[in-house]
Amino acid sequence: MLLAASDSDRARQLLVSAPLARSVVARYVAGDLAAEAVEVAGRLISAGLLVTLDHLGEDTGDARQAAAVGDEYVALLKLLAAQELTGGARAEVSVKPTAVGLGLAEHGEQTAAENIARICAAAREAGTTVTVDMEDHTHVDATLRIVRTLRGDYPDLGCVIQSQLRRSADDCADLATPGSRVRLCKGAYNAPPDVAFATRAEVDRSYARCLRMLMRGSGYPMLATHDPRLIEIAGAQAHLTGRGPGDFEYQMLYGIRPAEQQRLADAGAQVRVYLPYGSDWYAYLVRRLAERPANLAFFARSLVTRS
Ligand code: FDA
């Protein structure tokens, strides 16, 4: 039903124009325009948080659109730099490979790599970094190949590991190398049981295992979770491995557990808020909810708690 709604113009029109829906969406999405996202980023940075901005959109259908997404990021980075938000990578950007062409039938990987390289060059000029989001499990190999290649020119290019995937401990072992920026999350996409752990307990155990590998390695771990138990484990591992507050960061989504984000930052930790913006929020939210029923509970919970 939700997937049908994501393609239905009537359902989209109803929701996009409903005042209540807009106010709910405003909790998770910074606005339609880059300028609005930059304003929210400035507010978060003033409160002592770090930010990674994501231009909403995925599964781009043609090379021209993929290039336009690349242009959007280049313009966004210029805006962030003009507002002096990029110094020390306080504001960086996150890019979905399929938004810049990975899913194209012809030359998808090459198109995505070229667009991400262009974004990396703009980020370097602005004095900040880029992280490549991880999408559906069918794109993992190509995404990691792109990251490995581009790290030749841009060693600070970040990537993402999803603990729900059975392969992730091996990927962490490969990626826990000097300077390597790795975001660890549980994973927001459905995957078959031969590829992914099926139960929440297994995904959490895998997260803790990957977390320990990254914290003991020589890279820069970015621990993306709202899970209080895993946040506690991260703190304990930092202590055990002698990592100071500048040697790793916590990451959480805009609008989810904002009080916890602020508490950690006030206690001296680095906390980066993932801040999506753009007019494509409708498809983004509805697809995420349809793909994985747990996402519905996740967003519903955040509406009733700010802790
Ligand atoms: P989960 O949803 O399992 O919740 C665990 C516990 O956290 C709950 O039991 C509760 O105690 C607490 N909790 C959660 N929400 C709460 C709330 N609103 N209020 C109070 N307590 C709450 N995915 C992906 O596939 N590719 C990617 O590139 C990324 N990128 C990414 C970046 C960042 C910064 C984040 C935070 C997340 C992602 N994700 C992602 C999404 C990620 O994979 C995952 O789907 C969500 O973060 C939800 O998983 P959690 O680890 O937060 O725990």
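Residues numbered from 1 in each chain as written. Predicted model: local features only at pLDDT ≥ 70, side-chain atom pairs only at ≥ 80, totals over all residues. Heavy atoms only, no water.

> Explain the site of the ligand to me, please; I cannot follow it from the model alone.
The full set close to the ligand counts 26 residues, and M134, K186, G187, T225 and H226 are the nearest of them. In the environment of the ligand, an oxygen atom lies 2.8 Å from a nitrogen or oxygen atom belonging to the side chain of Q162. Between the ligand and R200, the relevant distance is 3.4 Å, taken from an oxygen atom to a side-chain nitrogen or oxygen of the residue. Out of a free accessible area of 950 Å², the ligand has 88% covered by protein chains. Of all elements in the fold, only β4 (159-162), β5 (181-185), β7 (249-253) and α13 (293-304) reach the threshold of two or more residues within the shell around the ligand. Grouping the constituent residues of the shell around the ligand by class yields 12 nonpolar, seven polar and seven charged. (Near = heavy atom within 4 Å. Polar contact = N/O pair within 3.5 Å; in protein donor to acceptor, adjacent residues only side chain to side chain. Areas by Shrake-Rupley, 256 points an atom, 1.4 Å probe, with all protein chains shown as cover. Helix = DSSP H or I, 4+ residues; strand = E, 2+ residues; numbered from the N terminus. Nonpolar A, V, L, I, M, F, W, Y, C, P; charged D, E, K, R; others polar.)

> Whenever I open this one, the packing of helix α4 (residues 34-46) against helix α5 (residues 63-82) confuses me. Can you help?
For any two helices packed against each other, one specifies the crossing angle of their axes together with the interaxial distance. Their axes nearest at 10 Å, the elements α4 and α5 cross at an angle of 40 degrees. Between α4 and α5, the angle is such that the two are oblique. As for how α4 packs across α5, the hand of that crossing is right-handed. Taken together, the residues of α5 that come into contact with α4 (itself represented by A34, A35 and V38) are E72, L76, L79 and L80. The class makeup of the residues in the contact of α4 with α5 is six nonpolar, no polar and one charged. (Axes fitted to C-alpha atoms, helices over the stretch in contact; angles between N-to-C directions. Parallel < 35°, antiparallel > 145°, perpendicular 65-115°, else oblique. Left-handed = near helix turned anticlockwise from the far one by under 90°. Contact = heavy atoms within 4.5 Å.)

> How do you make sense of the environment of T199 when you look at a structure like this?
By the element assignment, T199 lies in the loop between β5 and α9 (200-216). T199 sits 35 residues away from Q164 along the chain, and the two C-alpha atoms are 8.9 Å apart.

> Any chance you could explain the pattern of salt bridges here in plain terms?
Opposite charge on two side chains makes pairing possible when the charged atoms of those side chains draw close. This model, assessed by the stated rule, comprises 12 salt bridges. The salt bridge involving R167 is made with D171; its shortest N-O contact spans 2.7 Å. Across the pair R272 and E249 runs a salt bridge, and its minimum N-O distance is 2.6 Å. Of the two residues, R272 is situated in strand β8 (residues 271-277) and E249 in strand β7; the sequence distance between them amounts to 23 residues. The buried category is assigned to R272, whose relative accessible area is 4%. (Salt bridge = Lys/Arg side-chain N within 4 Å of Asp/Glu carboxyl O. Buried < 20%, exposed > 50% of the residue type's maximum accessible area, 1.4 Å probe, protein only.)

> Would you mind going over the environment of L285 with me for this structure?
Relative to the helices and strands, L285 is located in helix α12 (residues 281-291). A residue is classified by how much of its surface remains accessible, and L285, at 14% relative accessible area, is buried. Placed 260 residues apart in sequence, L285 and V25 show a C-alpha to C-alpha distance of 8.8 Å. L285 has contacts with V25 and F299, leaving out every residue within four places of it along the chain.

> Hey, could you run me through unusual backbone geometry in this one?
With glycine set apart, most residues show a phi of negative sign, and most peptide bonds adopt trans. We note that D59 has phi near 50 degrees; this positive angle belongs to a residue other than glycine. Among the secondary structure elements, D59 is positioned in the loop between β1 (50-55) and α5. On the accessibility criterion, D59 (53% relative accessible area) is exposed. The phi dihedral of H107 falls on the positive side, at around 55 degrees, and the residue is not glycine. Looking at the element boundaries, H107 is found in the loop between β2 (91-95) and α6 (108-126). By relative accessible area, which is 56% here, H107 ends up exposed.

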